[in-house]
Every structure is written in structure tokens, then in C-alpha cells.
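One letter stands for each residue in the lines below.
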Amino acid sequence: MSVTAENLRQDLREFARLAETCYDPVVVDAVLDALTGVWADGWLAVRTTTHPLPVRQVSARFMNLPLAADPVGALREAGLLSFVGHPMEELLARVSAAVPVGVGVDLAVDTGVQKIWTAFPELISVDRIVDFPGIPESARGHAEQLNRWGGEKIALMAIDFVNRTLNLYTQILRPGQLTATDIADILRELDFVAADPDELAALAWPYTVYATFNWNSPSIQRICFPARYTAETFPAIDPVLSRFVNGAPFAGPGPRGFAFYAAYGPTERYYKVQADYTSAALQTLPGGVEVPQCR
């Protein structure tokens, strides 16, 4: 099934309604126009969080965009992504020039472009990624933990141009490779808030772990664990997420899945949900692995 811009706009409005957040047609149309002929070729997903209003946002995630189309350049030319001399810009350029990458874009439907993703078809080692110019010193300082938690390989890098943070995602983990006990131990090691039993039950099968860094702190800012579910099995852990899952539009064809995320920091936790808008099962993940099975 081909996804049209008209259908996507309509469905993003519905996602925003489900999350009780704002939708700005001006910013959405600007990004879709800048990526005309590009965005429909990728895998599309839509996410929201349990952040309180008005902080909560809905974001459309366009992954596996064709590199030859230069989506980053197109967004910059359209004035939708600004480079101002921050180290994150050098990091993005250096990594993209040095290794094969796939490109993704996060569009917050109320404010515009938020994140730029690089996916590594050939997984990159933790030690190599932290050696690139522009990487936060906090990422270098936690290389040992990243190696230990995620099997020494990085599958994805996401740069948040709004909040000026960096996410590093480990390779896809085998079922049972990271257990609830491991998650509790990681949070204790970082002196982050502890996961409660319901969260650990929902995260019994995390398919990756990612850490968030910034350029102004030596610490990990946040750590997050996601697990894949169907709509029928999605954990009833928060009413915002349940409403989002139950009403989420889908452009097909199937199968369809959702990801539940629990994110932890020094003083708080929150949850996220990501809904497949087109089927992730039809895409190739970094490292050539299959999309993690939904519980």
C-alpha cells in the first residue's frame, strides 16, 4: 500500500489527538515538501511519551531514507535544519563520511525537525564510535559500560538538534541477553531511579539499550530500554499509551507492532510508545538482523 502525503497528514492529526498534543500543519507540510520523493520510501513510525502536557509531543519517524537523496541537505536547504557550529554537526558529518549509513529523520508534528539518525548497516564498534571528533566526552567516559551492556557494537546513532543530545543504541539483543535483573543492576550502577516490578515485567525482552549523552555533562543523562509488542499484548501500564495504541492508524501492509520504552534518569522515569505506521517487518535492521519478534 502506497502512503500518500494526504493520508499521512490526516493520520498524524489523529495521532496528535490521541496523545492530546498539538499538530501544526505548517511545520508538517514544510518537512514533507522538503523530503518529497524521499520520505515515502522509508519505514514510518509514530511515537509519543507520558511527559505531562504541554511538554508531550508526537513525532513522526522516517527511517531508512535513501542516502543518495541527501535528506539532511534537503532539510538544510529548506531552512528546516540549522547548523550553527555545534560539535554534533561535525560528528554527523564525520560518521557519515567514514562508514556506510542509512539516514532517518524525526519530525515533531508541532515544532518541526527534531532528530537526525544514522543507522549502521555494518555494525560499528563502541570503541570506534567514541573515537570520532565531535562525540561528547561523556560518551567516551562510558565506553566500558556500553561495551558491557550491549555486546560491544552500536547499531544506531541519533542526534537531537533541538535538545542537543546524542543517543547511542546497542546492536539488536537476543531474547534473554539482557534480563530484568540486568536492567535493575544497570540502574543501580548509574544511581538512577529504580524500575518497579510492572516495568521490569514489561521489559523482560528488551531488544536494545540506548544511552543519552550531552556535551555539557560527564554523566549519562538517560538510559532507555524498549520491547516489542502487538496491540493486544501491549502492557497496560499508562492510560496515555493505551489510548495511543488502541486508536493508532496504520498504513499497512502488516504485520504491525508497537514498542514500549521505559526511560530512566537520576530523578525520574517516563514511558514512550512507538507505533509502526508502515510495517517494520518489511525493513532491514542494522547488522542485517530480523525485526525483533513482538511479544
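In this text the structure is predicted, and so the values were computed from the model without any measurement.

Definitions and cut-offs
- Residues numbered from 1 in each chain as written.
- Predicted model: local features only at pLDDT ≥ 70, side-chain atom pairs only at ≥ 80, totals over all residues.
- Heavy atoms only, no water.
- Helix = DSSP H or I, 4+ residues; strand = E, 2+ residues; numbered from the N terminus.
- Buried < 20%, exposed > 50% of the residue type's maximum accessible area, 1.4 Å probe, protein only.
- Polar contact = N/O pair within 3.5 Å; in protein donor to acceptor, adjacent residues only side chain to side chain.
- Contact = heavy atoms within 4.5 Å.
- 1 Å grid on protein atoms, 1.4 Å probe; cavity = no way out; pocket = protein on both sides within 12 Å on 5 of 7 lines; lining within 4 Å.
- Points joined across faces, edges and corners; volume = space filled by probe spheres on them.
- Nonpolar A, V, L, I, M, F, W, Y, C, P; charged D, E, K, R; others polar.
- Arc of directions from axis to C-beta.
- Axes fitted to C-alpha atoms, helices over the stretch in contact; angles between N-to-C directions.
- Parallel < 35°, antiparallel > 145°, perpendicular 65-115°, else oblique.
- Left-handed = near helix turned anticlockwise from the far one by under 90°.
- Expected span 1.5 Å × (residues − 1).
- Pairing = 2+ DSSP bridges.
- Salt bridge = Lys/Arg side-chain N within 4 Å of Asp/Glu carboxyl O.

S.K.: So what exactly am I meant to see when it comes to the side chain of N167 here?
M.R.: Among the secondary structure elements, N167 is positioned in strand β6 (residues 165-170). Judged by its relative accessible area of 2%, N167 is buried. A distance of 2.6 Å separates a polar atom in the side chain of N167 from a polar atom in the side chain of T212. Contact partners of N167, with chain neighbours within four places excluded, come to K115, L156, M157, A158, Y210, A211, T212 and R222.

S.K.: Could you clarify how one ought to interpret the layout of surface pockets in this entry?
M.R.: Over the atoms, a rolling probe the size of a water molecule traces out where space has been left empty. For the largest pocket, the calculated volume is near 470 Å³. Surrounding the largest pocket, 20 residues form its lining, H51, D160, N163, R222 and Y270 being those nearest its centre. Here the lining of the largest pocket is composed, by residue class, of 4 nonpolar, 9 polar and 7 charged. Here the second largest pocket defines a volume of roughly 180 Å³. Surrounding the second largest pocket, 15 residues form its lining, D70, V72, L92, A93 and S96 being those nearest its centre. Put simply, the parts of the chain that give the lining of the second largest pocket at least two residues each are α3 (71-77), α4 (87-98) and β4 (112-125). In terms of residue class, the lining of the second largest pocket is made up of 10 nonpolar, 2 polar and 3 charged.

S.K.: Looking at this model, I keep getting lost on helix α2 (residues 25-34). Mind explaining?
M.R.: One full turn of an α-helix is made of 3.6 residues, so residues set three or four places apart face in the same direction. Inspection of α2 places V27, V28, V31 and L32 among the buried residues, and these make up the whole buried set. For α2, the buried positions fall inside an angular range of 130° around the axis, keeping them on one side. Where the residues of α2 are buried, they touch α1 (5-19), β2 (59-65), α3, β3 (102-108) and β4.

S.K.: Where do I start with the packing of α1 against helix α10 (residues 239-247) in this structure?
M.R.: To describe two helices that pack against each other, one gives the angle between their axes and the distance between the axes. Running from amino to carboxyl end, α1 crosses α10 at an angle of 150°, the nearest separation of the two axes being 9 Å. With respect to their mutual orientation, α1 and α10 come out roughly antiparallel. Crossing of α1 against α10: the hand is right-handed. From α1, F15, L18 and A19 reach across to α10, where they touch R243, F244 and G247. The residue inventory of the contact of α1 with α10, partitioned by class, reads 4 nonpolar, 1 polar and 1 charged.

S.K.: Explain α1 to me, please; I cannot follow it from the model alone.
M.R.: Compared with an ideal rise of 1.5 Å per residue, which puts 15 residues at 21 Å, α1 spans 21 Å between its outermost C-alpha atoms and is within 8% of the ideal. Residues L8, D11, L12, F15, A16, L18 and A19 constitute the buried set of α1. Axial view of α1: buried residues confined to an arc of 155°, hence all on one face. For α1, the exposed residues set more than 90 degrees away from the buried face come down to E6, Q10 and R17. Where α1 is buried, its residues touch α2, β1 (43-49), β2, α10 and β10 (269-276).

S.K.: Teacher, can you tell me more about the pairing of β1 here?
M.R.: Each regular strand shows side chains that alternate between the opposite faces of the sheet. For β1, the buried fraction is high: 7 of the 7 residues fall into the buried class. By the alternation rule, side chains of β1 split into W43, A45, R47 and T49 and L44, V46 and T48, which are all buried. Bridge count between β1 and β2: 5 bridges; the pairing is antiparallel. Counted as the bridge partner of R47 is S59 from β2. Of the strand pairs in this sheet, β1 and β10 are connected by 5 bridges, and their pairing is antiparallel. For A45, the partnering residue across the bridge sits in β10 and is D276.

S.K.: When you look at the pattern of salt bridges in this model, what are you seeing that I'm missing?
M.R.: When the charged atoms of two side chains with opposite charge come close together, those side chains can pair. Here the structure, examined in full by the defined rule, presents 12 salt bridges. Linking R9 and D29 is a salt bridge whose minimum nitrogen-to-oxygen distance equals 2.6 Å. Placement of R9 in helix α1 and of D29 in helix α2 is noted, with a sequence separation of 20 residues between them. A residue is classified by how much of its surface remains accessible, and R9, at 25% relative accessible area, is partly exposed. The closest approach of N and O atoms between E14 and R17, which form a salt bridge, is 2.8 Å. With E14 and R17 both in helix α1, this residue pair falls 3 residues apart, about one helical turn. Residue E14 is classed as partly exposed on the basis of its relative accessible area of 25%.

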